[in-house]
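Below are the chains, spelled out letter by letter.
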Amino acid sequence: MSAEGGWATYPSLAGRTAFVSGGASGLGAEFVEQLAGQGARVGFVDLDVERGRALEQRLAAGGAEVRFLECDVRDVPALRAAIGRVAGELGVIRVLVNNAANDHRDKVAEMDEALWDDRMAVNVRHHFFAAQAVAPGMRDAGGGSIVNLGSISAHIDLMDLPGYITAKAGVEGLTRTLAREYGPWAIRVNCIIPGWIMTERQLADWVTPEAEESIARNQCLPQHLMPDDVARMLLWLAADDSRSCTAQQWVVDGGWM
Ligand SMILES: NC(=O)c1ccc[n+]([C@@H]2O[C@H](COP(=O)([O-])OP(=O)(O)OC[C@H]3O[C@@H](n4cnc5c(N)ncnc54)[C@H](O)[C@@H]3O)[C@@H](O)[C@H]2O)c1
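Since the structure is predicted, the reported quantities are computational estimates derived from the model, not experimental observations.

**Q** Can you lay out the pairing of strand β5 (residues 144-149) for me, pointing to particular residues and giving the numbers?
**A** With six of six residues buried, β5 lies mostly within the body of the structure. Of the two faces of β5, the one lined by G144, I146 and N148 and the one lined by S145, V147 and L149 are each fully buried. Of the strand pairs in this sheet, strand β4 (residues 93-98) and β5 are connected by four bridges, and their pairing is parallel. The residue of β5 that forms the bridge with V95 is S145. Each parallel crossover has a hand, and the one from β4 via helix α4 (residues 113-141) to β5 is right-handed. Bridging between β5 and strand β6 (residues 187-194) involves six bridges; their strand directions are parallel. Looking at β6, one finds that N148 is bridged to C191. Traced from β5 through helix α5 (residues 162-182) to β6, the parallel crossover comes out right-handed.

Structure below.
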């Protein structure tokens, strides 16, 4: 479904620098594209070099100022370096989107310490260190917007995701504490909680006929939720239009019950 009169535009994002982790595919790629579409300069990192480069080239060919860097967000020094490079090349980062994650399924009985630490590193640790890295620049520039990606999985009945769900619940707490810490610097910190979004990977790996039945039963709205549905929430939270909103969770789930 498209908006009858077109979607909103956000003039405050034009010329602003944004940083997106996990931006080569899925929701992250949609965030990169939509931010660039508003005239923002966008730096993004991912493990997937092929898709990252392809997105960078496609958007640059359309006139956008985008920079892709290969980076594993579990490697905090590498993440700090990527953030520093984007700020140096594209300008002070005013919008941070902590999006990279991995929802690998794990059996509770098979979890060990190394796997647990890895699940935390990819699903919650980098959010903190990316925020810590961008905050001084945001403060000096007069403020900024940090958006963390949580998940509906921390609120509903799901199995085989113990590390992911624990980390995603942690993202909500992290959002609130960072909002309190950084509020005096006019840095807002919010959490988007997506429902079941039809990214390529979800469609390929998890959206079975049984899953379709579950969506039909549990969502109030009948439509498939698409990446751009979440990106429009992200744009609003990134822009000055939401300047008095912080420490909140913004649920885009079609009314999952
Ligand atoms: N799609 C959904 O239904 C859904 C639902 C709830 C929450 N979310 C959340 O939204 C965000 C995006 O989800 P998605 O569905 O687009 O995920 P996805 O798996 O499709 O994409 C994640 C991206 O992050 C990258 N990535 C993974 N590990 C990385 C690492 N160590 N370093 C750098 N990049 C890495 C991947 O290469 C990929 O490009 C995640 O935080 C996810 O938890 C998604």
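**Q** Lay out the pattern of salt bridges in plain terms, naming residues and giving numbers.
**A** Inspection of the entire model under this criterion finds 18 salt bridges. One salt bridge in this structure joins D103 and R201, with 2.4 Å as the shortest N-O distance. Taken as a pair, D103 in the loop between β4 and α4 and R201 in helix α6 (residues 200-205) lie far apart in primary sequence, 98 residues in all. A salt bridge links D229 to R232; its shortest N-O distance comes to 2.8 Å. A residue pair is termed a helical-turn pair when its members lie 3 or 4 positions apart in one helix, as D229 and R232 do in helix α8 (residues 227-238) at three residues.

Reading the values: rules and limits
The residue numbering used here restarts from 1 in each chain and proceeds along that chain's sequence as written. Per-residue local features are limited, in this predicted model, to residues with pLDDT of at least 70; the limit for side-chain atom pairs, both in listing and counting, is 80 or more; totals at the level of whole chains, interfaces and linings are taken over all residues. The basis for every side-chain value is the complete set of heavy atoms in the structure, and neither hydrogens nor water enter the calculation. Buried, partly exposed and exposed residues are distinguished by accessible area as a fraction of the type maximum, computed with a 1.4 Å probe on protein chains only: under 20%, between the cut-offs, and over 50%, respectively. Helix and strand labels come from DSSP, where a helix needs a run of H or I of at least four residues and a strand needs a run of E of at least two; each type is numbered from the N terminus. By this definition, two strands are paired if DSSP reports at least two bridges between them. Throughout, right-handed denotes a crossover for which the path from the first strand over the helix to the second runs clockwise when the strands point away from the viewer. Salt bridges, as used here, are contacts in which a Lys or Arg side-chain nitrogen is within 4 Å of a carboxyl oxygen on Asp or Glu.

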